[in-house]
Amino acid sequence: MNNMLQAYLLGYLNTYFLYDKLRTKSVSPIDYKIEATCNYLGISGNVKKLFSFILKYIIRYIELPISIIIVLYKYILLNVNILFYRKKTNTIRKSLIVLGFNSPISIFTNVLSSIKIPLNQFTVVCNKSNKKIYSKYNNIVIEHYLSYKDLYKSFILSLKTMFYITKKYKKRDCFFRYYSSFEYYLMYIFLKRLDNTNKLFYINLADKWSYLVGSLEIETTFIQHGRVEDTPNIKKIGTVNNAYYINEEQKILCEKYMFKNKPICHYRTNLSFTSNHLLIKDGLPNVLLVANLLFFDKENVIIKELCQRKIHLLVKPHPHDKNLEKYKQLQMLYKFKILEKNDYPKVDYVVSYQSTLADEYNSLGVKVLIYNKDMDISEFTKEINIQLKTIYE
């Protein structure tokens, strides 16, 4: 099988091992993705039922032709652009390259800032459609360094990918978003051509981008964002030269499950507290709930419980969650603040799912209570009450 296609498929298949509900088969991939889509869009109630029906019984079955049209459009457009922007990859030398494709700019900046390299030394690899997102960085638009042959090769391989995945996995899964394989293969070709005077940094876990990086011959550096769980079914991504881990525990898990080698070990610097003016200093504890719409059902119960206590609650949405309507609706019932992407106040206590942010607060000496995604939430709220009593005392 083509190495590029294999890397893309491994990233797709790892989805089943990185999410508890899929790994334990407590929910089907189809229902899981429909639920995640509705949560992302902030859809609920009867509208959610109707939208879920449309997704499951209509959109799901026309995903392939729609994706083909999207990829064909991109292919034609890039062929036209090459007439005006063609450059050579051998003009890129001695650069600190960073993949800039699938991370919100707030996460991207915070993670890069944690390894003590000035941000102005990085060059972000992006495409024309997301160049503006990384405008404050030095950036490279990959379309400027590709040939007609590269476009054709990626186009054909993207078509093969879409037909292969549809044929093999359509009965159990949906919403593959495999139209993104076109840009993925273009990136693969671009990075393979970089000479070894360049160094590549990336922040992805075991997804399609990490498998791409694990096969490169230039010097590579992994900067951890997100936790690696004890999930032995993950196929190792390959080798990397350097790694910046969150902590010692994560170092052990990454080396055990992700890498074929043991990279030179570094640790990310601690989170810097910001927006402390949002804290209320009246003797009552300030409690941070690290939120993620994937776990909103549990968060709903936790928020209700916390707001019955004598505390000040702050909710930190996940940067990927753009529609915060569900949290805003809860604000009408309960008193709490919704934090912005760059707000990291020095709270007294943190309640969270197993997240990188919880690890970072814990490393700074803040008390953290983690809930398991599969645990009984009523039992967890009892534990919250016990822990909060220690703060009062």
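Details of the structure are given in the entry above.
Please read these numbers as outputs of a predicted model, since none were measured by experiment.

Calculation rules
Residues numbered from 1 in each chain as written. Predicted model: local features only at pLDDT ≥ 70, side-chain atom pairs only at ≥ 80, totals over all residues. Heavy atoms only, no water. Axes fitted to C-alpha atoms, helices over the stretch in contact; angles between N-to-C directions. Helix = DSSP H or I, 4+ residues; strand = E, 2+ residues; numbered from the N terminus. Parallel < 35°, antiparallel > 145°, perpendicular 65-115°, else oblique. Left-handed = near helix turned anticlockwise from the far one by under 90°. Contact = heavy atoms within 4.5 Å. Nonpolar A, V, L, I, M, F, W, Y, C, P; charged D, E, K, R; others polar. Salt bridge = Lys/Arg side-chain N within 4 Å of Asp/Glu carboxyl O. Buried < 20%, exposed > 50% of the residue type's maximum accessible area, 1.4 Å probe, protein only. Disulfide = S-S within 2.5 Å.

Undergrad: Explain the packing of helix α1 (residues 3–13) against helix α8 (residues 148–169) here, please?
TA: Relative orientation and spacing of two packed helices are given, respectively, by the angle between their axes and the distance between those axes. Where α1 meets α8, the closest approach of the two axes is 11 Å, and the angle between their N-to-C directions is 40°. If you check the angle between α1 and α8, you find them oblique. Regarding α1 and α8, the two cross each other, and that crossing is right-handed. Here α1 contributes Met4, Leu5, Tyr8, Leu9, Tyr12 and Leu13 to the contact with α8, which in turn contributes Lys153, Leu157, Thr161, Tyr164, Ile165 and Tyr169. When grouped by side-chain class, the residues that make up the contact of α1 with α8 number 10 nonpolar, one polar and one charged.

Undergrad: What am I meant to see in the pattern of salt bridges here?
TA: Opposite charge on two side chains permits them to pair, given that their charged atoms come into close proximity. Tallying each qualifying case throughout the model produces 10 salt bridges. The salt bridge partner of aspartate 150 is arginine 193, with a shortest N-O separation of 2.5 Å. Note that aspartate 150 is positioned in helix α8 and arginine 193 in helix α9 (residues 181–193), a separation of 43 residues in sequence. Overall, the relative accessible area of 39% leaves arginine 193 in the partly exposed class. We note a salt bridge from glutamate 360 to arginine 268, for which the minimum N-O separation is 3.2 Å. Taken together, the residues span a long stretch of sequence, with glutamate 360 in helix α14 (residues 356–363) and arginine 268 in the loop between β7 (264–267) and β8 (286–290) at a distance of 92 residues. The same class applies to glutamate 360 as to arginine 268, namely buried. Because the salt bridges share partners, they merge into one network encompassing Arg227, Glu249 and Asp359.

Undergrad: What's the story with the state of the cysteines in this structure? I'm lost.
TA: Working definition of a disulfide: a covalent bond connecting the sulfur atoms of two cysteines. Applying the stated criterion across every chain, the model contains zero disulfides. No disulfide involves cysteine 38; its nearest neighbouring cysteine sulfur is the one of cysteine 174, lying 11 Å away. On the basis of relative accessible area, cysteine 38 is assigned to the buried category, the value being 0%. Between cysteine 265, a free cysteine, and cysteine 254, which holds the nearest cysteine sulfur, the sulfur-to-sulfur gap is 10.0 Å. Residue classification places cysteine 265 among the partly exposed residues on the basis of a relative accessible area of 30%.

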